[in-house]
Structures are given as C-alpha cells and as structure tokens.
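Results of the structural survey
Here is what each chain is made of, one letter per residue.
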Amino acid sequence: MLFGEIFGKLIDTLVGGPVVKPFPKEPVKVPPKWRGKPIYDDEDCTGCRQCERVCPANAITIEDKKGEFFSYELNYGVCIYCWYCIDACPTKALTGDDHSGLYVSNDRTKDLIKSGVPYVECPVCGTKVLRPSRSIVIKQFGKYDAESLARASVCPKCRREKSAEEIDQAVRDYLSANE
Ligand code: SF4
Ligand code: SF4
C-alpha cells in the first residue's frame, strides 16, 4: 500500500471513527435465521433429558439431586450452536436467540446457564414426580395455577388405578392442605 493510501485511511479513521466493529460494546448484527444461543426456560422444562441426549458437544448436563430436584446446566463455552437441543425439546423450554452472536466470555461462570427444577408431589399418593411443564399444563387446562398444576401432576399409577372422582377429591384435599 502506498504511503498516500495509508495516510488517506488514517485521515478517514481519525474523522470517521474506528473502521472495525465496536463489538463487544455493541452487538454485532447477524443475518436472518442466525442460530444464536439456545435459551432455556426452566418453567417449561420437565427434565426429560432429550436435549442432553442429542447434544453432540456434551454442553448440557442434567442431574438428579436426591429425588428433590434436578439440576440443569448448559455450557455456552462448549456449545456449537447446532440447535439440535431446540429441535428435540418437546415443551419449547429451549428456544433460539437469533439476535446474539457467538460471543462467550473468558469468565466460565458467565457462560453457564444453571438451574434447579423441583420435583412435585402427586396430589393423590404423594410420590415425587417430574414437574409438568407450564406449556403442557396450559394446553391441558387452559391456565397455569395451583389447581391445574396439581391435576397435571397426578402420577401415571394413580391415573391408571384411581377413578376420576377419587382423583378429584384427592386434588381438592391436597389444595386445601397446601393453601
Ligand atoms: S445448540 Fe447444539 S451444542 Fe449447543 S447445547 Fe444445543 S445441542 Fe448442544
Ligand atoms: S430442556 Fe426440553 S428437552 Fe431438555 S430436559 Fe427440559 S424439557 Fe427436556
């Protein structure tokens, strides 16, 4: 490059500001249909582990914590943004964030999604079961409140073995005991 060209670029930069993108101070504009970070919403997660199974980078770890809750961890530091987990998630607990770039921090704690999802009790027999996802409860009962959640939490065994009347009564008793 000739000295004149270099000088010209220097003047352009001094007058017009930096020619490089101001990332990470400002987000980078990404093309339509960009596959950014998978975003996790624990209210919709049932702990089914489909996302963990399909993840080719082992970025997702789900662990049972003594039957009280399960921990969920998604590590953006190793995620390859393939979105297999989003396609596999049956409850839309994982969705795409089309607007963020591939930026990850040097601080590993900032690149982790960490969550703990409690198990819930079957209102009939008291067995701990995976909490039904918010979207499934709304689909079944048209709303997401204590009664709908309790009804959706009836375990498969009680659904098979108890009559509708018995389940109704057990749910009413459970709700009044937990008011
Ligand atoms: S986007 Fe791909 S690599 Fe990242 S967590 Fe999901 S399945 Fe794993
Ligand atoms: S995020 Fe979706 S696929 Fe993963 S455990 Fe939760 S419900 Fe299952």
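Note that the coordinates shown come from a computational prediction; the quantities given were computed from them, not determined experimentally.

1. Points about the site of ligand 2
In the neighbourhood of ligand 2, 13 residues make up the surrounding shell, with C45, C48, C51, C89 and A93 lying closest. Here the residues of the shell around ligand 2 sort into 8 nonpolar, 4 polar and 1 charged.

2. Digging into the domain arrangement of the protein chain
Parsing the protein chain into structural domains produces domain 1 (28-118) and domain 2 (120-179). Between domain 1 and domain 2, the residue contacts involve 11 residues of the former and 9 residues of the latter. Here the side of domain 1 that touches domain 2 is built from residues that sort into 4 nonpolar, 4 polar and 3 charged.

3. What to know about the site of ligand 1
By nearness alone, 14 residues border ligand 1, and C55, A59, C79, C82 and C85 come closest of all. Residue composition of the shell around ligand 1, grouped by class: 14 nonpolar, no polar and no charged.

4. A look at helix α7 (residues 164-177)
Between its first and last C-alpha, α7 extends 20 Å over 14 residues, near the 20 Å set by a 1.5 Å rise per residue. The element α7 is barely covered by neighbouring structure, given that only 1 of its 14 residues are classed as buried.

5. Quick look at unusual backbone geometry
Residue R49 is not a glycine yet carries a positive backbone phi of 75 degrees. For R49, the location among the structural elements is in the loop between β1 (38-40) and α2 (50-54). The phi angle at K92 is positive, at roughly 65 degrees, despite the residue not being glycine. The residue K92 is located in the loop between α3 (84-88) and β4 (94-96) in this model.

6. Notes on the sheet that holds strand β5 (residues 112-118)
The 3 strands lie next to each other as β2-β3-β5, forming an open sheet whose pairing is antiparallel. Bordering the open sheet on either side are β2 (60-65) and β5, each of which pairs with just one other strand. Across the sheet, the mean angle from the axis of one strand to that of its neighbour is 15 degrees, orientation sign disregarded. Judged from the 7 bridges that link them, strand β3 (residues 69-75) and β5 form a sheet pairing that is antiparallel. Counted as the bridge partner of S71 is G116 from β5.

About the cut-offs
Residues numbered from 1 in each chain as written. Chains lettered and ligands numbered in written order. Predicted model: local features only at pLDDT ≥ 70, side-chain atom pairs only at ≥ 80, totals over all residues. Near = placed C-beta within 6 Å. Nonpolar A, V, L, I, M, F, W, Y, C, P; charged D, E, K, R; others polar. Domains from an automatic or database assignment. Contact = placed C-beta atoms within 7 Å. Helix = DSSP H or I, 4+ residues; strand = E, 2+ residues; numbered from the N terminus. Expected span 1.5 Å × (residues − 1). Buried ≥ 20, exposed ≤ 12 C-beta atoms within 10 Å, placed from the backbone. Pairing = 2+ DSSP bridges. Axes fitted to C-alpha atoms, helices over the stretch in contact; angles between N-to-C directions.

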